[in-house]
Amino acid sequence: DSGVTQTPKHLITATGQRVTLRCSPRSGDLSVYWYQQSLDQGLQFLIQYYNGEERAKGNILERFSAQQFPDLHSELNLSSLELGDSALYFCASSSGGNSYNEQFFGPGTRLTVL
Amino acid sequence: DAKTTQPPSMDCAEGRAANLPCNHSTISGNEYVYWYRQIHSQGPQYIIHGLKNNETNEMASLIITEDRKSSTLILPHATLRDTAVYYCIVRVPQAAAGNKLTFGGGTRVLVKP
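Bear in mind that the values here come from a model prediction, so they are computed numbers and not experimental data.

Reading guide: rules and limits
Residue numbering note: each chain is counted from 1, following its sequence as written. Each chain gets a letter, beginning with A, and each ligand a number, beginning with 1, in the order they are written. Since the coordinates come from a predicted model, pLDDT governs what is reported: local features require at least 70, and pairs of side-chain atoms require 80 or more to be given and counted, while whole-chain, interface and lining totals use all residues. Side-chain measures were taken over the full set of non-hydrogen atoms in the model, leaving aside hydrogen atoms and water. By definition, any uninterrupted DSSP run of H or I lasting at least four residues is a helix, any uninterrupted run of E lasting at least two residues is a strand, and each is numbered from the N terminus. Between any two strands, pairing holds if DSSP finds at least two bridges. Every axis in this analysis is a line fitted to C-alpha atoms, fitted for helices over the stretch in contact. Angles between the N-to-C directions lie between 0 and 180 degrees. The working definition used for a salt bridge is a side-chain nitrogen of Lys or Arg within 4 Å of a carboxyl oxygen of Asp or Glu. Exposed residues in this analysis have more than 50% of their type's maximum accessible area, buried residues have under 20%, and partly exposed residues fall in between, with area computed by a 1.4 Å probe over protein chains only. Residue contacts follow a heavy-atom distance rule, with two residues in contact if any of their heavy atoms lie within 4.5 Å. For any pair of parts, buried area is found by adding up, for both, the accessible area (1.4 Å probe) each one loses once the two are put together. Think of a polar contact as two N or O atoms within 3.5 Å of one another; within protein, one of them needs to be a possible hydrogen donor and the other a possible acceptor, and neighboring residues in sequence only count if both atoms come from side chains. Only Asp, Glu, Lys and Arg are considered charged in this grouping, and only Ala, Val, Leu, Ile, Met, Phe, Trp, Tyr, Cys and Pro are considered nonpolar; every other residue, Gly among them, is considered polar. Any two cysteine sulfur atoms within 2.5 Å of one another count as a disulfide.

Negative phi is the rule for most residues except glycine; trans is the rule for most peptide bonds. With an omega of -10°, the peptide bond between Thr7 of chain A and Pro8 of chain A qualifies as cis. Position of Pro8 of chain A among the secondary structure elements: in the loop between β1 (5-7) and β2 (10-13). A positive phi is found at Ser41 of chain B, a non-glycine position, where the angle reads about 60°. Within the element layout of this structure, Ser41 of chain B appears in the loop between β3 (32-38) and β4 (45-50).

If you want it as structure tokens, here you go:
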């Protein structure tokens, strides 16, 4: 158990819909990262937040957005869903400031878009 | 971040050492080598990282060549639970630019009884 929690575990929805994925980092960790893992693209970095502020952005679609709240939990919002958005979405956390620290990954949310 | 090359797959006998190679011939002086693994559809798990010296922890050992162009992750006594995809990642830890991990294809390791 990494200490990172993600809800829900599974999500099935239809094209065009909007969903919210939630992540609670390890106690004390200030950085939260979101990754997407699809069959054809592998594990891809989406976005990082550090203590409530956006720190780095990867190939995140404009239909996707994220935020980190004052209690440090994070949400990833996916809108106008397409079939190709079906994937595993992982959240990771690390302690803030020191870039050498490893990232601890949650169990993921499996999104299926029908 | 420097690109890495890993064999797509390898088999290993249970109880034997597993040696996982990674080539990173374009690595620059301030880039670190990190290893993560992903057991079937679970979240990736950090294993070890190093700059130029060999490193060891309770999970594995990391051997980096003197020219730093390649490295080997060693699982000393592989068990069936070590079956996973292993990712070698080379990057510069830059707090200002973010701390993302760039995953390649990894090596799919199958530990056989």
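Structure's up, so let's keep going.
We now examine the sheet that holds strand β1 (residues 9-13) of chain B. Residue and element names in this part refer to chain B. Strand order in the open sheet formed by five strands is β1-β9-β8-β3-β4, and the pairing between neighbours is mixed. Both edges of this open sheet fall to β1 and β4, since each of them pairs with a single strand only. Averaged over all pairs of adjacent strands, the angle between their axes in this sheet comes to 25°, without regard to strand direction. By the bridge criterion, five bridges tie β1 to strand β9 (residues 107-112) in an arrangement that is parallel.

One pass over the structure, following the stated rule, counts five salt bridges over all chains. For Arg63 of chain A, the salt bridge goes to Glu82 of chain A, with nearest N and O atoms at 3.7 Å. Highlighted residues: Arg63 of chain A in the loop between β6 (53-57) and β7 (64-68) and Glu82 of chain A in the loop between β8 (74-78) and β9 (87-94), separated in sequence by 19 residues. For Arg63 of chain A, a relative accessible area of 19% puts it in the buried group. Note that Asp11 of chain B and Lys112 of chain B form a salt bridge whose closest N and O atoms lie 3.0 Å from each other. Residue Asp11 of chain B is found in strand β1, and its partner Lys112 of chain B is found in strand β9; the two are separated by 101 residues along the sequence. On the accessibility criterion, Asp11 of chain B (47% relative accessible area) is partly exposed. Several salt bridges share partner residues, and in doing so they unite Arg63, Glu82 and Asp85 of chain A into one network.

Next up on the list: the interface of chain A and chain B. Every contact between the two is made by 21 residues of chain A and, on the other side, 22 residues of chain B. Surface buried jointly by chain A and chain B totals about 1700 Å² across both partners, of which 53% is contributed by carbon and sulfur atoms. At the junction of chain A and chain B, the tally comes to zero salt bridges. Inspection of the chain A/chain B interface yields three residue pairs in polar contact (both at pLDDT 80 or more). Secondary-structure elements contributing two or more residues to the side of chain A that touches chain B are β4 (31-38), β5 (42-50), β6 and β9 of chain A. Per-class residue counts for the side of chain A that touches chain B are 10 nonpolar, eight polar and three charged.

Time to look at the state of the cysteines. Throughout the structure, instances matching the rule amount to two disulfides over all chains. Each sulfur in the disulfide pair Cys23 of chain A and Cys91 of chain A lies 1.7 Å from the other. Because the sign of the S-S torsion sets the handedness, a value of about -50° for the bond joining Cys23 of chain A and Cys91 of chain A places this disulfide among the left-handed ones. Of this pair, Cys23 of chain A sits in strand β3 (residues 19-24) while Cys91 of chain A sits in strand β9, and the two are 68 residues apart along the sequence. No difference in accessibility class separates Cys23 of chain A from Cys91 of chain A, as the two residues are buried. Across a sulfur-sulfur distance of 2.1 Å, Cys22 of chain B and Cys88 of chain B are joined as a disulfide pair.

Another aspect to go through is the side chain of Ser61 of chain B. Residues and elements named next belong to chain B. As for its position among the elements, Ser61 is in strand β6 (residues 61-64). Separated by 3.0 Å, the side chains of Ser61 and Thr56 make a polar contact. Once residues lying within four places of it in the same chain are set aside, the contact partners of Ser61 are Ile48, Glu55, Thr56, Thr72, Leu73 and Ile74.

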